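# Remarks on the overall topology
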Amino acid sequence: MQNVINELSAKVEQSLATVNSSETLSAFWQEYLSKNGKVTGLMKELRNVPAAERPAAGKIINEFKQQVQAKYDEAAQKVSRAEMDARNAAETVDITMPAKIRPQGALHPITLVKNQIIDAFAGMGFQVFDAPEIDDDDHNFTRLNVPKDHPARDMQDTFYLTEDLLLRTQTSNGQIRTMDRVKPPIKVLIPGRVFRSDSDATHSPMFHQMEGLVVDKGITLCDLQGMLNELVKQLFGNGTRTRLRPSYFPFTEPSVEVDVSCFECGGCGCSLCKGTGWIEVLGGGVVNRRVLENCNIDPDEYSGFAFGIGIERIAMLKYGINNMGLLFENDLRFLKQFQE
Ligand code: DAH
């Protein structure tokens, strides 16, 4: 037995000398120490040893096995340290290298103004509602008191998709959609895209509006002006005031055009306000009784106000943008100027 062990021991030494990686280490273990390995296999040889010598033979086999295991453990430690050192060397990080600069985006001026308007009205208890961009004639016109053949339809050049379906020309369709869904008290904002067949320096076939609608008991034009005063202070600065001028919209009666005192010159007259001291910013009025009736709301019990704001117009006024096209070209040099 001792001879067999001596022979195997020489082989083990030879093999150990070639172990230099986890692969060769594992091959070594497979060859000698695994269940079918040569060292483990020595125990089977005990069968051929005379019974009297077996205990002594078993003892040397065990001792040999422990030695080989110890050598294997030592080699395993060396390999793992060497491999870790190699990885550390290969993966060194140069901590003095400058970081990659990731360009930061900015909100689009239209989004900024939309958010500013929402913030102002959210503070007064308004909710934000949505209405479809593709709607039918009924919601965009008829129930807003603009029947077929009404001259007011000519005020807005409409993109028709079918005889009945169209791209909404105004977020006012959201008034009808809202009153169909919820009953008073109502206090909502409806932001969104609108579409008209119109295109020049101050018109784009797609632009953005913000509709406002309040319906409750005892609502008057004073409530509209009170809330708009709050809005313009937040949009254009504390000293800004509003002025209402009579106007006409089919869905409001009376209707008003709302001006703000010029935030550039404070009202003395400058090029922005064309010397008048006032700038027109939106349309609104008291919700027409017929519109309430069209939504099954009793106009003798409830009244309301509505308004519509052109978001591009506010953005152009507020940020001094003189060409509406700039708002749609997505030129980063332009857009980056509005980071707040
Ligand atoms: N929808 C109108 C437009 O697009 C704007 C408007 C005016 C909306 C008066 C209103 C309103 O709700 O009361 O020109």
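Further up the page is the structure itself.
Nothing here was measured: the structure is a model prediction, and the numbers come from that model. (Residues numbered from 1 in each chain as written. Predicted model: local features only at pLDDT ≥ 70, side-chain atom pairs only at ≥ 80, totals over all residues. Heavy atoms only, no water.)

## Focus on the site of the ligand
- For the ligand, the set of nearby residues contains 16 residues, the closest of which are Gln170, Ser172, Arg196, Gln209 and Glu211.
- One of the side-chain nitrogen or oxygen atoms of Gln209 is found 2.9 Å away from an oxygen atom of the ligand.
- In the environment of the ligand, an oxygen atom lies 3.3 Å from a nitrogen or oxygen atom belonging to the backbone of Ala306.
- Relative to its free-state accessible area of 360 Å², the ligand is covered by the protein chains to the extent of 92%.
- Within the residue set of the shell around the ligand, elements represented by two or more residues are β5 (206-216), β8 (278-287) and β9 (303-310).
- Tallied by class, the residues present in the shell around the ligand amount to 4 nonpolar, 10 polar and 2 charged. (Near = heavy atom within 4 Å. Polar contact = N/O pair within 3.5 Å; in protein donor to acceptor, adjacent residues only side chain to side chain. Areas by Shrake-Rupley, 256 points an atom, 1.4 Å probe, with all protein chains shown as cover. Helix = DSSP H or I, 4+ residues; strand = E, 2+ residues; numbered from the N terminus. Nonpolar A, V, L, I, M, F, W, Y, C, P; charged D, E, K, R; others polar.)

## Some details on the pairing of β8
- Where burial is concerned, most of β8 is hidden: 9 out of the 10 residues are buried.
- Summarising the sheet, strand β7 (residues 252-261) and β8 pair through 8 bridges and their orientation is antiparallel. Opposite Val256, over in β8, you have Gly284 as the bridge partner.
- Taken together, the 5 bridges between β8 and β9 define a ladder with antiparallel strand orientation. Its bridge partner being in β9, Gly283 is matched across the sheet by Gly308. (Buried < 20%, exposed > 50% of the residue type's maximum accessible area, 1.4 Å probe, protein only. Pairing = 2+ DSSP bridges.)

## Regarding the sheet that holds β9
- Ordered in space as β1-β4-β5-β9-β8-β7-β6, the 7 strands form an open sheet in which the pairing is mixed. What marks the edges here is a single partner per strand, and that holds for β1 (127-128) and β6 (242-249).
- Bridge analysis of β6 against β7 gives 7 bridges, and the strand direction is antiparallel. Counterpart to Pro246 in the pairing with β7 is Val256.
- Together, β1, β4 (186-195), β5 and β9 form the strand contacts of helix α5 (residues 109-122), whose direction differs from that of β4 by roughly 165°.
- Strands in contact with helix α8 (residues 221-236) are β4, β6, β7, β8 and β9; relative to β6, the strand with the most contacts, it is inclined by about 120°. (Contact = heavy atoms within 4.5 Å. Axes fitted to C-alpha atoms, helices over the stretch in contact; angles between N-to-C directions.)

## Regarding the packing of α5 against helix α10 (residues 311-319)
- Here α5 crosses α10 at 100°, and the two axes come no closer than 9 Å. Of the possible angle classes, the one that applies to α5 and α10 is roughly perpendicular. Where α5 approaches α10, its residues Pro109, Ile110, Leu112, Val113, Lys114 and Gln116 are matched on the opposing element by Ile311, Glu312, Ile314, Ala315, Lys318 and Tyr319.
- Per-class residue counts for the contact of α5 with α10 are 8 nonpolar, 1 polar and 3 charged. (Parallel < 35°, antiparallel > 145°, perpendicular 65-115°, else oblique.)

## Thoughts on the packing of aromatic side chains
- Applying the stated rule across the entire model yields 9 aromatic pairs.
- When the centroid spacing of 6.4 Å and the interplanar angle of 10° are considered together, the rings of Phe28 and Tyr72 count as stacked. Note that Phe28 is positioned in helix α2 (residues 22-33) and Tyr72 in helix α4 (residues 54-90), a separation of 44 residues in sequence.
- With a relative accessible area of 3%, Phe28 lands in the buried category. (Phe/Tyr/Trp six-rings, centres within 6.5 Å; stacked < 30°, edge-to-face > 60°.)

## Quick notes on the nonpolar core
- Formed by 44 residues in total, the largest nonpolar core has its most connected members in Ile117, Phe121, Leu231, Val281, Phe307 and Ile309.
- Going through the elements one at a time, α5, β5, α8, β7, β8, β9, α10 and α12 (332-335) are the ones with two or more residues in this core.
- When sequence neighbours within four positions are dropped, the list of residues in contact with Phe307 reads Phe121, Leu189, Met210, Glu211, Gly212, Leu224, Leu282, Gly283 and Gly284. (Core = buried A, V, L, I, M, F, W, Y, C linked by side-chain atoms within 4.5 Å.)

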